[in-house]
Amino acid sequence: MKKKNKSILQATVFALPFSLKLNQKLSNNFKTDYLTMYPKFKIANEFRDNISIKSISFFSTLHFFLRKFEKYKFIKRLNLIFEKISYFKIDNYMKNKKENYDIFILQATLGKEILPYIKNKIKLLDKQSAHVEIEREMSKKEFDLRNIKIPFNEIFSANEFEHNRELKEYKIADKIIVQSNFVHKSFIDMGFDKNKIKIVKGMGFDSKSFYPLDYNYKKYFNIIYVGRITLNKGVAYLIEAFEKLEISNKKLKLYGIISEDFKEYLKYIKLSDDIEILNPVKHNKLKYIYSSSEVLVQPSLFDGWSMVVTEALACGCPVVTTTNTGASDIIIEDINGYVGPTMDSNSIANNLKKIYSSKLYLERSKISKTVEKYKDWNLYCSNYKDFIETL
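Because the structure is a prediction, the values reported are computed rather than measured. (Residues numbered from 1 in each chain as written. Predicted model: local features only at pLDDT ≥ 70, side-chain atom pairs only at ≥ 80, totals over all residues. Heavy atoms only, no water.)

K.L.:
What's the story with the sheet that holds strand 4 (residues 103-107) in this structure? I'm lost.
P.N.:
To summarise the sheet geometry, strands pair through backbone hydrogen bonds and adopt either a parallel or an antiparallel arrangement. An order of 3-2-1-4-5-6-7 is seen for the seven strands of this open sheet, with the pairing classed as parallel. Looking at the sheet topology across the chains shown, the edges are occupied by strand 3 (53-55) and strand 7 (197-199). Each neighbouring strand pair of the sheet contributes to a mean axis angle of 20°, computed without reference to strand direction. Inspection of the sheet shows strand 1 (residues 7-12) paired to strand 4 by four bridges, in the parallel sense. (Pairing = 2+ DSSP bridges. Helix = DSSP H or I, 4+ residues; strand = E, 2+ residues; numbered from the N terminus. Axes fitted to C-alpha atoms, helices over the stretch in contact; angles between N-to-C directions.)

K.L.:
I would appreciate a short explanation of the nonpolar core in the present structure.
P.N.:
If you look at soluble globular proteins, the nonpolar side chains tend to sit buried side by side. Residues Ile223, Leu254, Tyr290, Leu296 and Ile388 are the most contacted members of the largest nonpolar core, which totals 110 residues. Apart from the residues lying within four places of it in its own chain, the contact partners of Leu296 are Ile224, Tyr225, Val226, Tyr290, Val308, Val309, Ala312, Cys317, Pro318, Val319 and Val320. In terms of nonpolar packing, the next biggest core, distinct from the first, is built from seven residues, Leu20, Tyr34, Phe47 and Ile53 among them. (Core = buried A, V, L, I, M, F, W, Y, C linked by side-chain atoms within 4.5 Å. Buried < 20%, exposed > 50% of the residue type's maximum accessible area, 1.4 Å probe, protein only. Contact = heavy atoms within 4.5 Å.)

K.L.:
I'm lost on helix 12 (residues 307-314) in this one. Help?
P.N.:
Because an α-helix completes one turn every 3.6 residues, residues spaced three or four positions apart along the sequence face the same direction. In terms of residue burial, helix 12 counts as a mostly covered element, since seven of its eight residues are buried. Along helix 12, the residues that are buried comprise Val308, Val309, Thr310, Glu311, Ala312, Leu313 and Ala314. Considering only its buried residues, helix 12 is in contact with strand 8 (221-226), helix 11 (286-291), strand 11 (295-298), strand 12 (319-322) and helix 14 (364-369). Within two residues after helix 12, Gly316 carries a phi angle of roughly 90°, on the positive side.

K.L.:
It is not clear to me how the packing of helix 4 (residues 73-97) against helix 7 (residues 160-172) should be interpreted in this structure. Could you clarify?
P.N.:
Between two packed helices, the angle of one axis relative to the other and the distance separating the axes together describe the packing. Contact geometry for helix 4 and helix 7: axes closest at 11 Å, N-to-C directions at 35°. Only Phe161, Glu162 and Arg165 of helix 7 make contact with helix 4, whose side of the interface consists of Leu80, Glu83, Lys84, Tyr87 and Asp91. Here the residues of the contact of helix 4 with helix 7 are counted per class, giving three nonpolar, no polar and five charged. (Nonpolar A, V, L, I, M, F, W, Y, C, P; charged D, E, K, R; others polar.)

K.L.:
Even after reading the chapter, I still don't get the packing of aromatic side chains, so can you show me in this structure?
P.N.:
Each aromatic ring pair is described using two quantities: the centre-to-centre distance and the angle formed by the ring planes. Here the structure, examined in full by the defined rule, presents 17 aromatic pairs. A ring pair is formed by Phe18 and Tyr380, whose centres lie 5.8 Å apart and whose planes are at 85°; its orientation type is edge-to-face. Of this pair, Phe18 sits in helix 1 (residues 17-26) while Tyr380 sits in helix 15 (residues 378-388), and the two are 362 residues apart along the sequence. The exposure class assigned to Tyr380 is buried, which follows from its relative accessible area of 1%. In textbook terms, an aromatic cluster arises when at least three aromatic residues are bridged by ring pairs, as seen for Tyr217, Phe221, Tyr356 and Tyr361. Lying over the aromatic face of Phe152, Lys140 brings its terminal NZ or CZ to 6.0 Å of the ring centre. For Lys250, the ring lying beneath its charged end belongs to Phe242, and the centroid distance is 4.6 Å. (Phe/Tyr/Trp six-rings, centres within 6.5 Å; stacked < 30°, edge-to-face > 60°. Lys NZ or Arg CZ within 6 Å of the ring centre and 35° of its normal.)

K.L.:
Please clarify how the environment of Glu243 should be interpreted in this entry.
P.N.:
Structurally, Glu243 is set in helix 9 (residues 235-244). You can call Glu243 partly exposed: its relative accessible area is 41%. In this structure, the C-alpha to C-alpha distance between Glu243 and Ile199, residues 44 residues apart in sequence, is 37 Å.

K.L.:
When you look at the pattern of salt bridges in this model, what are you seeing that I'm missing?
P.N.:
As a working rule, side chains carrying opposite charge can pair if their charged atoms are close by. Summed over the entire model, instances satisfying the criterion amount to 19 salt bridges. One salt bridge connects Lys185 with Asp189, and the closest N-O pair in it is separated by 2.7 Å. Remark: Asp189 and Lys185 occur in helix 8 (residues 181-189); sequence separation between them is four residues, near one turn of the helix. Looking at Lys185, the relative accessible area reads 49%, which means it is partly exposed. The partly exposed category is assigned to Asp189, whose relative accessible area is 48%. Across the pair Asp386 and Lys385 runs a salt bridge, and its minimum N-O distance is 3.7 Å. Taking the relative accessible area as the measure of exposure, Asp386 reaches 41% and is therefore partly exposed. Classification of Lys385 as buried rests on a relative accessible area of 13%. Because the salt bridges share partners, they merge into one network encompassing Lys95, Lys112 and Glu113. (Salt bridge = Lys/Arg side-chain N within 4 Å of Asp/Glu carboxyl O.)

Honestly, it's all geometry; don't read function into it.
Listed below in structure tokens is the structure:
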């Protein structure tokens, strides 16, 4: 069969820009369809007008809306039903259409029901974060360390329904596609054959939204964190590092929604006056935050990639991150930032001091150029297409 005649179904939970870009790229060489749980009307016109999109999103939209109310047990039970219905709908669609495709690219959690039915097809599982057991183990370790009183199972982000689906998918898929060395290592550490795990590198950023702006150093050394404020993201270690940092004009700004476990953690500490917890910033406004800050810290305990790292670098803002953050792959020491071990506040403090002392934050143009090849996910999409063509 000629490669151009091969047909691909790409299925996702959220219609993230890089996955839509990938579908667009693959459509040049293959017949492609894009299936998602995300509402079609919320997908940008540039994709809606150029690729074949099928959205099955009624129950999933209900599910994602109700997540914010899951502190109420009745809502949590009801929402699990909506989640299961949403998966049932998308599972059935794929089963009914399975003969139309030669290659299935399935985001993790979307493969459990369809994979056993397509044994004679090419089955790729897109895994954008670490092996779920590694995530659970690290979450529990941090949870216990901080003496959080909330039951762990109420907090851990992967519920049992999703968790169990993934574990079964790992075994059935022909290949597990990952985006970083950290995620690759998480599977190897769990005993997987390295030949089953394929790294597709080149995760990027939207160059229309993230680019260097005018920068003027003011009187404060502004350290920022952007994202959900949770224990899993290592924010407790950033706060500890900030307290250890021997800089008189330092400020720490945390932009994001505070999780329940972190609210519990905050009960036992007193934040200094130089630390601010601020509301999330709209995505298209983040470039102003990056461009007026001296350093972004992404201290994750586990993170498959971390888009904020690439975005900050694109704006010329240096980054301090951990080995368990996938985007550490693109950090070049002394050039655009520093990488240290996870769960280590001393390392974060030392790396922040290096940036302060060297004035690396003044090298905005130089830092931005280090990620130029990643803009608009072009490298990622080309690498993925090249891999598909070998199958």
